[in-house]
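The lines below spell out each chain.
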Amino acid sequence: MARKGNVSIRKGDQVKVIAGKDKGVTGAVIEVIAEHDRVVVEGVNRIKRHTKPTQAGGAGSGGIITSEAPIHISNVMLLADKEPTRVGYRRDDVTKTRPDGSTYGAQRSVRIAKKTGKEI
């Protein structure tokens, strides 16, 4: 289980479902719910919700709404170059500039594809 709040998949990433009823489907990540280790993927785990008509608000018609439900983050794999891969991290040295114009060395964390070693 991933540590809470530290997930390697981010909003907008292309992922492939590797387990569950939608196994094999690829889609973009719409939302990441890090505190529960879950992601919402476009076109995956679609549910139907029946809503009553209401007078208040703009959605007064009611009906059946189809939307995506969250799935566990362990059931998806990141796609890099259209291939599923695990995610690793690398620390890169960078030079930053202060507002007064002076520079200093720092490090930044970069996600890499374990399969190819390329930066994601």
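Quick caveat: nothing in here was measured; it's all calculated off a predicted structure. (Residues numbered from 1 in each chain as written. Predicted model: local features only at pLDDT ≥ 70, side-chain atom pairs only at ≥ 80, totals over all residues. Heavy atoms only, no water.)

### Overview of the overall build of the chain
1) Next: Looking only at helices and strands, one finds zero helices and 10 strands in the chain.
2) Next: Starting at the N terminus and walking to the C terminus, you meet the elements of the chain as β-β-β-β-β-β-β-β-β-β.
3) Next: A principal-axis box enclosing the C-alpha atoms of the chain has dimensions of 60 × 40 × 25 Å.
4) Next: Across the chain, every contact between residues at least 6 apart in sequence was considered, and the portion connecting residues at least 24 apart equals 44%.
5) Next: Of the roughly 8300 Å² of accessible surface on the chain, 48% is carried by carbon and sulfur atoms. (Helix = DSSP H or I, 4+ residues; strand = E, 2+ residues; numbered from the N terminus. Contact = heavy atoms within 4.5 Å. Areas by Shrake-Rupley, 256 points an atom, 1.4 Å probe, with all protein chains shown as cover.)

### Let's talk about the nonpolar core
1) Next: Among the nonpolar cores identified, the biggest contains 14 residues, and I9, V15, V39, V41, I71, I73 and V76 are the most heavily contacted of them.
2) Next: Those residues in contact with V15, other than ones at most four positions away along the chain, are I9, V25, T26, G27, V29, V41, V76, M77, L78 and L79. (Core = buried A, V, L, I, M, F, W, Y, C linked by side-chain atoms within 4.5 Å. Buried < 20%, exposed > 50% of the residue type's maximum accessible area, 1.4 Å probe, protein only.)

### Side note on the pairing of strand β7 (residues 76-80)
1) Next: Among the five residues that make up β7, four are buried, leaving the element largely enclosed by the rest of the structure.
2) Next: The pairing of strand β1 (residues 14-17) with β7 spans three bridges and is classified as antiparallel. The partner of V17 across the bridge, within β7, is V76.
3) Next: Direction of pairing for β7 relative to strand β8 (residues 83-85): antiparallel, over a ladder of three bridges. Among the inter-strand pairings, A80 is bridged to a residue of β8, identified as E83.
4) Next: A loop of two residues connects β7 with β8, the two strands running antiparallel in sequence, and D81 in this loop sits at a positive phi of about 55°. (Pairing = 2+ DSSP bridges.)

### Focus: the pairing of strand β4 (residues 46-51)
1) Next: Within β4, only zero of the six residues are buried, which leaves the element largely exposed.
2) Next: Alignment of β4 against strand β5 (residues 63-68), held across six bridges, turns out to be antiparallel. Among the inter-strand pairings, K48 is bridged to a residue of β5, identified as T66.

### Some remarks on the sheet that holds strand β3 (residues 38-41)
Sheets are built from strands that pair by backbone hydrogen bonding, the pairs being arranged parallel or antiparallel.
1) Next: A sheet is described by the order of its strands in space; here six strands give the open sequence β6-β3-β2-β1-β7-β8, paired in antiparallel fashion. Two strands close off the open sheet at either side, each with one partner strand: β6 (71-72) and β8.

### Some remarks on the side chain of D92
1) Next: Checked against the element boundaries, D92 lands in strand β9 (residues 87-97).
2) Next: A polar atom in the side chain of D92 sits 3.1 Å from the side chain of R90.
3) Next: Not counting the four nearest positions on each side in its chain, D92 is found in contact with A106, Q107, R108 and V110. (Polar contact = N/O pair within 3.5 Å; in protein donor to acceptor, adjacent residues only side chain to side chain.)

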